[in-house]
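One-letter residues, chain by chain:
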Amino acid sequence: MIKRLTSLAQACSWLAVVTTLGLVLLLLGFLGLRGFDALNPALFFGKTPAWAAITARLPVWHGIWPACVGTVTLVLLASLLAIPLGLASGIYLASYAPGPWKRWFALAVELLAAIPSIVMGLFGFALILFLKKTLAPQANTCLLLSAGCLALLVLPYLILMTQTTLEALPSELRLTGLSLGFTPWQNLVHILLPAGGRGILSGVILAVGRAAEDTAVILLTGVVANAGLPSGILGKYEALPFHIFYLAAEARSDAELAQGFGAALVLLLLTAALFLGAYYLQNTLAKAWKQKDLLI
Amino acid sequence: MVISCASVLAILGFLAYFALPIFAGGHLGEIFSWEWRPFQGQCGILPMAVGSFLLAVTAMGLAYPLGLGICGFAHGLGPRWLRRPLLGLIHFLTSIPTVIYGFVSVIFLVPLVRGIFPESTGYSWLTAALTLSLMVLPTIVLLIQAQLQQVDGRVRLASAALGFSPAQTFLWVLGPQASRGLWAAAVLGFSRALGDTIIALMVAGNAPQVPHSLLDSIRTLTAHIALVVATDSTSQAYQSIFASGLILFMVTTAINLTLRRLQSGTRPAASHD
């Protein structure tokens, strides 16, 4: 009886794994096959000569170049806002925060992480409505607003990664510096941060990937289908995820559909590369501390 | 740190500020009603709330058993050497952008559903639930995995010493021991599925109605927010999206607070072992 139940459960788990693998292969294979054909310079630049498009001398029509530039600008801006804050908060939580405060802060971070991204976008949208009514009647949704909301969205990931990386370092490391007469600050800057650097960096990379792929936030805060290259941080812009979203609903020809597949593949390659980078860094970090453990 | 607290409060404050006229102005009955006809002043969001709930529940119903199967596979039901590659792959899947699931679903799954059920347009509850379940699957696996991992270290040696095979350990020791954590993972997964916008917006059809069958079109609260902002309608319609945002915010917050409570209740007991 027990044997039969066990083999039944084993069969079910095999089924689950095989089903999942099949679905994933179907998804990626479909995308890879259809997207690979579309991957060429024309996908990015349309009929505009590549160099003229890159140096922004000629506008690009029928290409995803403006969307790529928009996404990169957006992600850079969001990182600029989120990374200093996230790292500082994570370090504070791991090393400085007194007990009761730490509990409340950790709760706030957890709640922030649980907020659906569309609500974050709605928050940005509400902010603009509020500004329109009160301080700045000409305020409108823009690149800066999207970057701000995206920064809020990835902030909890950054804080948690920094905190857990620092807390996972062996306690000998923390105590050695202090016992040699380092101040807590020196201990942090010269010992803990260099030791945990890879882990924190992988957290940063994951956060960047999260910011690059999110569609719901930018949908409410200023992305448009046709804006050309972003004109400034207060202007409208294009972005890759939104471009894919738009083409899925509005593609009228096979060429536009092919562009959608190309854009999806480019975005997937981007997030996959970011993920693999972060994964590699985390693995090397784990290995480094395992070896140290053996030595001690 | 302070910023992170402040932003949670600011978000809640803003949503409440914009949703407040609904509660103060006596439009409560209009927002919480079953009719969505903004040009006749009827802005009920209840069909969307039902839509959100149904979609999240069905997606979880599909994804959770699969996730449990995969975790069982990794914890003794499957061969050991497959464990690392499998979990690595699942980790990788979390990095696939949501919009890509939506895109492939629009191109591939929607025509398929339309082909099998000619009376449907293909943009339906069923399509959205299938897509969404694949999207939340890696998250669910990681949530379950985290819960099992906590128990695994404590019971594995003991049960191996008692002569359990790895598969038996999972079924009769690990699983029952982690049952509370498994519930927690299910609820967290539900709150993730509830928060998704893009897949619902792309493939669920977005008709503001209570669906009668899996093939009916369905609209979620999240998609409702995106649609109303995009189509610039009446001020009462705007109020309805702030009410929707507030509902989503309160539900996810409540789920997290409750789970935190439950887990802090079990933690002291766990630390004794």
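Residues numbered from 1 in each chain as written. Chains lettered and ligands numbered in written order. Predicted model: local features only at pLDDT ≥ 70, side-chain atom pairs only at ≥ 80, totals over all residues. Heavy atoms only, no water.

**Describing the interface of chain A and chain B**
1) Next: Counting residues at the interface gives 70 residues for chain A and 65 residues for chain B.
2) Next: It is L27, L122 and F275 of chain A that lose the most area in chain A upon contact with chain B, and together they represent 9% of the buried surface on that side.
3) Next: Across the chain A-chain B interface, the total number found is one salt bridge.
4) Next: A salt bridge links R260 of chain B to E110 of chain A; its shortest N-O distance comes to 2.8 Å. (Contact = heavy atoms within 4.5 Å. Buried area = accessible area lost by both parts, 1.4 Å probe. Salt bridge = Lys/Arg side-chain N within 4 Å of Asp/Glu carboxyl O.)

**Observations regarding helix α9 (residues 184-213) of chain A**
1) Next: The end-to-end C-alpha distance of α9 of chain A, which contains 30 residues, comes to just 38 Å, noticeably less than the 44 Å that a straight helix rising 1.5 Å per residue would cover.
2) Next: When the local axis directions of α9 of chain A are compared, the greatest deviation, roughly 60 degrees, occurs at G197 of chain A. (Helix = DSSP H or I, 4+ residues; strand = E, 2+ residues; numbered from the N terminus. Expected span 1.5 Å × (residues − 1). Bend = angle between axes of the 7 residues up to and from the residue.)

**Here's the deal with the packing of helix α3 (residues 46-77) of chain B against helix α6 (residues 125-161) of chain B**
Residues and elements named next belong to chain B.
1) Next: It is the contact of α3 with α6, at a shortest axis distance of 6 Å, that shows an interaxial angle of 40 degrees. With respect to each other, α3 and α6 are oriented oblique. For the element pair α3 and α6, the recorded crossing hand is right-handed.
2) Next: Here the contact of α3 with α6 is built from residues that sort into 22 nonpolar, six polar and one charged. (Axes fitted to C-alpha atoms, helices over the stretch in contact; angles between N-to-C directions. Parallel < 35°, antiparallel > 145°, perpendicular 65-115°, else oblique. Left-handed = near helix turned anticlockwise from the far one by under 90°. Nonpolar A, V, L, I, M, F, W, Y, C, P; charged D, E, K, R; others polar.)

**Observations concerning helix α1 (residues 2-38) of chain A**
1) Next: Taking 1.5 Å as the rise per residue, α1 of chain A with 37 residues should run 54 Å; its terminal C-alpha atoms sit 54 Å apart, in good agreement.
2) Next: What α1 of chain A keeps buried is the set T6, A9, S13, A16, V17, T20, V24, L27, L31, G35 and A38 of chain A. (Buried < 20%, exposed > 50% of the residue type's maximum accessible area, 1.4 Å probe, protein only.)

**A closer look at the pattern of salt bridges**
Residues and elements named next belong to chain A.
1) Next: A full pass over the atoms with the stated rule returns five salt bridges over all chains.
2) Next: For E167, the salt bridge identified is with K102, shortest N-O distance 3.0 Å. You can see E167 sitting in helix α7 (residues 143-168) and its partner K102 sitting in helix α5 (residues 99-114), a full 65 residues away along the chain.
3) Next: Overall, the relative accessible area of 36% leaves E167 in the partly exposed class.
4) Next: The partner of D214 in a salt bridge is R210, and the shortest N-O contact between them spans 3.4 Å.
5) Next: Residues participating in the shared-partner salt-bridge network are R210, E213 and D214.

**Some details on the packing of helix α8 (residues 171-179) of chain A against α9 of chain A**
Geometry of a packed helix pair, given as the angle between the helix axes and the separation of the axes.
All names here are of chain A.
1) Next: The N-to-C vectors of α8 and α9 enclose an angle of 145 degrees; their axes lie 9 Å apart at closest approach. Viewed along their axes, α8 and α9 form a crossing whose handedness is right-handed. Contacts between α8 and α9 involve L173, R174, G177 and L178 from the first element and P184, N187, I191, L192 and A195 from the second.
2) Next: Residue composition of the contact of α8 with α9, by class: six nonpolar, two polar and one charged.

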